[in-house]
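Structural features, examined
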Amino acid sequence: MTWKSSNWTSLFPTKTSFVVFVLYIALSMNHGLLVKLSQEKGIYNYNIVSVIILTEVTKLVISLFLFCKDNPLRNIIDQTRDNYTVLFLYMVPAFLYCLYNNLAFVNLSIFDPTTYFILLQLRVILTGIVYQCLFKKDLSKIQWLSLVLLTVGCIIKELKMEGNIQQQPYSIFISILLMSTQILCSCLAGVYNEYLLKKGQGVNVNIYVQNIYMYTDSILCNLLLWIIFKHNDNKSNTPETDIFKNYMVMIIVLNSAMYGVVTSLLLHSLNSIIKVFATAIELVLIAVLSWVLLGYPITMQTVAAVCIVSCSVVVYAKHPITKSTPPTTNYNKNMINI
């Protein structure tokens, strides 16, 4: 069987893009499970922002290594001098991802992993709308049908949301507000980042240099957040452990670092809508693993949601969004062959 089946090539132009797609699903799913396993009765005994900063530093080191493997280090300075505005433009998605990453830990302390991933899928409709506005590409009726099916499948399991929120000092309103904020940050940051990668001022900047900009800006945003909340953390009665001595935290950092790099590759080779559907596929696996590892039951609502989500994926696979041909540059060519 060759790779050049019409449906497959529409969704995944290269074998590498398919591998990136699979890795994205695995690493994203692992993050939710690992964060949940690192809790003690729904409470973290480590500083969340410190873990996120360490993760961003790790991603920065990985990007520097991958860039310097084929390019001299001074090229980063040269490209920054010619495209310094791109460094500042990345402050927007960096800030949004800063909020998203911190809210992910907060929301995973409120919801079980399956509920968390299902609620996260509500970004599908918002992503479709933003994608239309930013890329001037209208979604067809059948594409909208697949998005609506996916959204219905995501919310059908949570008809009785009160029973899925763990015993935390949050009201249902605050819980939904936090989740909604995370969804909005994910949608806006993902599509804006894709715009910079493909059509914005950073289109001629090496993908790894763009990642370096992103992670540098993200570290600055998280450091600011750490300074702001440091005083409140000092008043907390929960003892914190050294993150470097907590093996589960180190696994979270490594998984998150790989996840961040793979996400940038996914956005470069595919698009934000494919990213959303990749996350939707996780629902099948996350429900099973949450049952096996954490003891959360699989209900009939879960089964119905998974079936509807699967149907929406099939519909989308038959009518994918036609990608615009990316500008032909050495950087884009190198990226496709990775």
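What you see as residue numbers is a count from 1 along each chain, following the sequence as written. Only residues with pLDDT of at least 70 get local features here, since the model is predicted, and only at 80 or more are side-chain atom pairs given and counted; chain-wide, interface and lining totals rely on the full set of residues. With hydrogens and water excluded, all non-hydrogen atoms of the structure serve as input to the side-chain values.

Topic: empty space enclosed by the protein
For cavity detection a 1 Å grid was placed over the protein atoms alone, and a set of points counts as a cavity when a 1.4 Å probe fits there but cannot get out; an open set counts as a pocket when protein lies on both sides within 12 Å along at least five of seven lines, with lining residues being those that have an atom within 4 Å of a point. Grid points are joined across faces, edges and corners, and a volume is the space filled by probe spheres set on the points. Taken as a whole and assessed by the stated rule, the structure comprises 5 cavities of 30 Å³ or more. Looking at the largest cavity, its volume works out to about 570 Å³. Lys59, Tyr97, Asn101, Tyr259 and Gly260 are the residues nearest the centre of the largest cavity, which is lined by 35 residues in total. Sorting the residues of the lining of the largest cavity by element identifies helix H2 (15-37), helix H3 (48-68), helix H6 (91-108), helix H7 (113-120), helix H10 (172-198), helix H11 (207-234) and helix H12 (247-269) as the ones contributing at least two each. Helical segments are the DSSP runs of H or I of at least four residues, strand segments are the runs of E of at least two, and each set is numbered from the N terminus. Of the residues forming the lining of the largest cavity, the biggest block, 7 residues, is contributed by H12. Residues belonging to the lining of the largest cavity are distributed by class as follows: 18 nonpolar, 13 polar and 4 charged. All residues other than Ala, Val, Leu, Ile, Met, Phe, Trp, Tyr, Cys, Pro, Asp, Glu, Lys and Arg, Gly among them, are scored as polar; the first ten of these are nonpolar and the last four charged.

Thoughts on the packing of H3 against H6
A fitted line through C-alpha atoms serves as each axis, taken over the contacting stretch for helices, and the angle formed by two N-to-C directions is quoted from 0 to 180°. The contact between H3 and H6 brings their axes to 10 Å, and the two run at 135°. Between H3 and H6, the interaxial angle falls into the category oblique. Two packed elements cross with a definite hand, and for H3 against H6 that hand is right-handed. On the side of H3, the interface is formed by Ile48, Val49, Val51, Ile52 and Glu56, while H6 contributes Asn101, Asn102 and Phe105. Class assignment of the residues belonging to the contact of H3 with H6 gives a composition of 5 nonpolar, 2 polar and 1 charged. Oblique is the label for any angle not under 35 degrees, not over 145, and not in the 65 to 115 range, which are roughly parallel, roughly antiparallel and roughly perpendicular in turn. Should the near helix be turned anticlockwise from the far one by less than a right angle, the crossing is termed left-handed; should it be turned clockwise, right-handed. Two residues qualify as a contact provided that any one of their heavy atoms is within 4.5 Å of a heavy atom in the partner residue.

As for H6
Under the convention used throughout, the expected extent of a helix is 1.5 Å for every residue step, that is, one less than its residue count. With 18 residues, H6 should cover 26 Å at 1.5 Å per step; its first-to-last C-alpha distance of 26 Å lies within 8% of that length. Listed in full, the buried residues belonging to H6 are Pro93, Ala94, Leu96, Tyr97, Cys98, Tyr100, Asn102, Leu103, Ala104, Phe105, Asn107 and Leu108. Under the scheme applied here, a residue whose accessible area is under 20% of the maximum for its type counts as buried, over 50% as exposed, and between as partly exposed, the area being computed with a 1.4 Å probe on protein chains only.

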